[in-house]
Amino acid sequence: MAEAEPTWLLIDGYEDEPAAFGVPPYVGFHIRYIAGVMEAHKLHYEYITIDRWREMVRSADDLADLNLQRVLGVTLLAGAVVPGKYLRGTPISLRETKELLGMMPTDIPFLAGGWAIRGWRQQGWQPLRKDLFLCVQDTDATLSWYLSTGEFKHQRRTPIEWTAWAQAGAISKAVTEHPDLAGPLTYEVEVYQGCVRYKNGCKFCIEPKKGVPVWRTPHDVITEVSRAIDLGVKHVRLGGMTDVYTYMADGVVELEYPVPNPEPLAQLLHGLREDERLETLHVDNGNPSIIAENLEPATEITKTLVETLSDGSVLSFGLESADPAVHDANWLNCDGDQLKTAIRLINEYGRERGPRGLPKLLPGLNFIAGLNGETAETYSLNIQLLNQIRNENLWLRRINIRQVEGEGFQEVQTDLFQEFKTWTRNEIDAPLLTELFPLGLKLSEVTWEALDGRIRLPAHLEPEMRSMDIHGKAGITFGRQIGAYPILIGVPYHIPLESRSDILVTGHGARSITGVEIGLKMDSVTQKQLEAIPGIGEKSAWNLVSVRAKAARQEREFESVQAWFDDAGVEMPVLGARVLEA
């Protein structure tokens, strides 16, 4: 950052759309397309995440090193339109965007794009600043037009540009300089644009507005991913799909329910799996109505998904409401019967556990409150449907309940909404959690991300937070397995951040689980680590540590973990033998 050469800034404010993840550990595809444009135009540029920018603002030295006076132009992507809670990074806010504008030189071009920018603009945000352009189409194409002509003009990328910028973005600074590249970075790929329900798509969703779906070929996607893997990427999610089952489907223009085409998706998934360097592979959404109305090809695709994806894969199903009146008023994509048919199919083939301890493929379910036509009866119908799913012993990996965003909808009935949410968490999520993550289950390759809180803080980036010196000390560590919608795991002691380990499940929270690491050494395990093992309380842990210290002074070694426990007068708990090693 200290180099004096004039430069453009590419600021990743993160995107989080219904079919596009870009909040760390994900790197989104739109930010890479913009970087691809900069690469294609041979610009000198710096890639900065919004989290890194926040650090720089807090440090006068870092800002001085950046030297804003040498900045030739700025491109900002702000694309978080789906409300969410984030552990590893936080999307840019409107307030931060205003502050960013105020800090930059006023005589340089500043292009800002993404769905958040469009939303803020629609809400009346029209900042007065020279050479500021708020992009409402494709930010990458708009930037390319500006660099070529010097003119601000809304543009959409062509299919040729899409391929070129995707391939260039795969080896751009958005990848090579991403802070998570050596860790859990997950490369989000855009497989297609649009929705097969573009004529009468869900009224609340932005995807149908993109028009008739435009597919990328399996070869194009595989080539892009291969280029990223060459640079160190190990984890990939195939995103940008409103429905994985309608990738290159037949009858998109003519049919209400296009017919899934299993072959292109099989070519894509098996082609990606030919590269053994790829560790994690997950996908995006599924449309239950397409599955239910086309069971034969949908079954073939489901088998391919189970065969090629990493365990822990989740297909998000957008029911939104079980109320037929709400379904009709908002042009929703499936009804309750279609949903249950799709859930049954995924459960039939996806419940088997994979090498990381997770079911290979499970459905997720989305509800939205505040849609037109919603009444008290709506919530009763939602509860009735969830009870039917539970009564069939069907598994759901996650149930997302949120309020509708945008204009033209009803006000949310707050009391009914909260009652439904609480009921779902207590009566559906809680028992599901114990079935999906039973006590004693081994989960492999958990990446540890935050200490003493569920959000990673700037202090967590300090070297001492990654040192083995903190291992086993008092506190809480939070982590997740890499992949889509991973369960949050808490361990009641400190673990070096950005390290990985295997755990056993020891307890359940509302939407998270607790655990203890496997492979803790008898001669170094701390009191707090011992207390994390069910059946060992504070007093027993203290006895074990005291007896071990006494034996060390006497230069005496225990023959086994059991001998250590016997000497301390502590009964070995069931999980103790699986956690501790001599």
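A quick note: this is a predicted structure, and the numbers were derived from the prediction, not measured.

Caption draft 1: Local environment of the overall build of the chain. Counting its regular elements, the chain contains 20 helices and 23 strands. By the compact-globule yardstick of 25 Å for 582 residues, the chain fits well, its C-alpha radius of gyration being 26 Å. In terms of its C-alpha atoms, the chain occupies a principal-axis envelope of roughly 80 × 60 × 50 Å. Across the 582 residues of the chain, 58% fall into the buried class. For the chain, restricting intrachain contacts to residue pairs at least 6 apart in sequence, the fraction spanning at least 24 positions comes to 75%. In the structure as shown, the chain presents an accessible area of about 23900 Å², 50% of it carried by carbon and sulfur atoms. One finds the centroid of the 58 positive side-chain charges in the chain at a distance of 2 Å from the centroid of its 81 negative side-chain charges.

Caption draft 2: Geometry of the packing of aromatic side chains. Under the defined criterion, the tally for this structure stands at eleven aromatic pairs. Aromatic side chains tryptophan 120 and tryptophan 125 sit 6.1 Å apart centroid to centroid with 85 degrees between the ring planes, which places their arrangement in the edge-to-face category. For the pair shown, tryptophan 120 and tryptophan 125 are each scored as buried. Members of the aromatic cluster, joined through ring pairs, are Phe21, Tyr26 and Tyr485. The cationic tip of arginine 237 hangs over the ring face of phenylalanine 21; the distance from NZ or CZ to the ring centre is 3.6 Å. Sitting above the plane of the tryptophan 395 ring, arginine 351 keeps its charged end 3.9 Å from the centroid.

Caption draft 3: Structural detail: the pattern of salt bridges. Within the structure shown, the criterion is met by 29 salt bridges. Residue glutamate 99 pairs with arginine 95 through a salt bridge whose shortest N-O separation is 2.9 Å. Here the residue glutamate 99 and the residue arginine 95 both occupy positions in helix 4 (residues 94-103), the gap between them amounting to four residues, near one helical turn. Residue arginine 157 is joined to aspartate 140 by a salt bridge in which the shortest nitrogen-to-oxygen separation is 2.8 Å. With arginine 157 in the loop between helix 6 (139-149) and helix 7 (159-169) and aspartate 140 in helix 6, the pair connects residues that are 17 residues apart, well separated along the chain. Here aspartate 140 falls in the buried class, since its relative accessible area comes to 1%. Each of Arg88, Asp180, Glu449, Arg456, Arg480 and Glu498 takes part in a single network of salt bridges with overlapping partners.

Caption draft 4: Fine view of the sheet that holds strand 20 (residues 500-508). Strand order around the closed barrel formed by five strands is 17-18-19-21-20, with mixed pairing between neighbours. Taking the axes of each pair of neighbouring strands and ignoring which way they run, one obtains an average angle of 55 degrees across the sheet. Bridge count for strand 19 (residues 488-491) against strand 21 (residues 512-517) is three bridges, and the pairing is parallel. When the sheet's bridge partners are listed, leucine 488 is paired in strand 21 with serine 512.

Caption draft 5: How the structure looks around the environment of proline 6. Along the chain, the position of proline 6 falls in the segment before strand 1 (7-17). Using a relative accessible area of 41% as the deciding quantity, one classes proline 6 as partly exposed. Each C-alpha atom of the pair proline 6 and leucine 72 lies 6.3 Å from the other, and the pair is 66 residues apart in sequence. Setting aside its immediate chain neighbours within four residues, proline 6 contacts His44, Arg70 and Leu72.

Caption draft 6: How the structure looks around the pairing of strand 14 (residues 313-320). Counting buried positions along strand 14 yields eight of eight residues, so the element is predominantly enclosed. Side chains Ser313, Leu315, Phe317 and Leu319 project from strand 14 onto one buried face, and the interleaved Val314, Ser316, Gly318 and Glu320 project onto a second face that is buried too. Where strand 13 (residues 285-286) meets strand 14, two bridges bridge the pair, whose relative direction is parallel. Across the sheet, asparagine 285 pairs through a bridge with serine 316, a residue of strand 14. Here strand 14 pairs with strand 15 (residues 361-369) via six bridges, running parallel. If you follow valine 314 over to strand 15, its bridge partner there is leucine 362.

Caption draft 7: Local environment of the packing of helix 14 (residues 336-350) against helix 15 (residues 376-391). Remark: helix 14 packs on helix 15, axes separated minimally by 11 Å, with the N-to-C direction vectors making an angle of 25 degrees. Taken together, the axes of helix 14 and helix 15 lie roughly parallel to each other. As helix 14 packs across helix 15, the resulting crossing turns out to be right-handed. Listed contacts from helix 15 to Gly336, Leu339, Lys340 and Ile343 of helix 14 are Leu385, Gln388 and Ile389. Residue composition of the contact of helix 14 with helix 15, grouped by class: four nonpolar, two polar and one charged.

Caption draft 8: Broad picture of the nonpolar core. Grouped together as the largest cluster of nonpolar side chains are 130 residues, with contacts concentrated most on Leu238, Tyr245, Leu305, Phe437, Leu530, Trp564 and Leu580. In terms of residues, this core owes the most to one element, helix 1 (residues 29-40), which gives seven residues. Setting aside chain neighbours within four positions, we find leucine 580 in contact with Leu520, Val525, Leu530, Ile533, Val561, Trp564 and Phe565.

Thresholds applied
Residues numbered from 1 in each chain as written. Predicted model: local features only at pLDDT ≥ 70, side-chain atom pairs only at ≥ 80, totals over all residues. Heavy atoms only, no water. Helix = DSSP H or I, 4+ residues; strand = E, 2+ residues; numbered from the N terminus. Rg over C-alpha atoms; globule rule 2.2 N^0.38 Å. Buried < 20%, exposed > 50% of the residue type's maximum accessible area, 1.4 Å probe, protein only. Contact = heavy atoms within 4.5 Å. Areas by Shrake-Rupley, 256 points an atom, 1.4 Å probe, with all protein chains shown as cover. Lys, Arg positive; Asp, Glu negative; His and termini not counted. Charge placed at Lys NZ, Arg CZ, Asp CG, Glu CD. Phe/Tyr/Trp six-rings, centres within 6.5 Å; stacked < 30°, edge-to-face > 60°. Lys NZ or Arg CZ within 6 Å of the ring centre and 35° of its normal. Salt bridge = Lys/Arg side-chain N within 4 Å of Asp/Glu carboxyl O. Pairing = 2+ DSSP bridges. Axes fitted to C-alpha atoms, helices over the stretch in contact; angles between N-to-C directions. Parallel < 35°, antiparallel > 145°, perpendicular 65-115°, else oblique. Left-handed = near helix turned anticlockwise from the far one by under 90°. Nonpolar A, V, L, I, M, F, W, Y, C, P; charged D, E, K, R; others polar. Core = buried A, V, L, I, M, F, W, Y, C linked by side-chain atoms within 4.5 Å.

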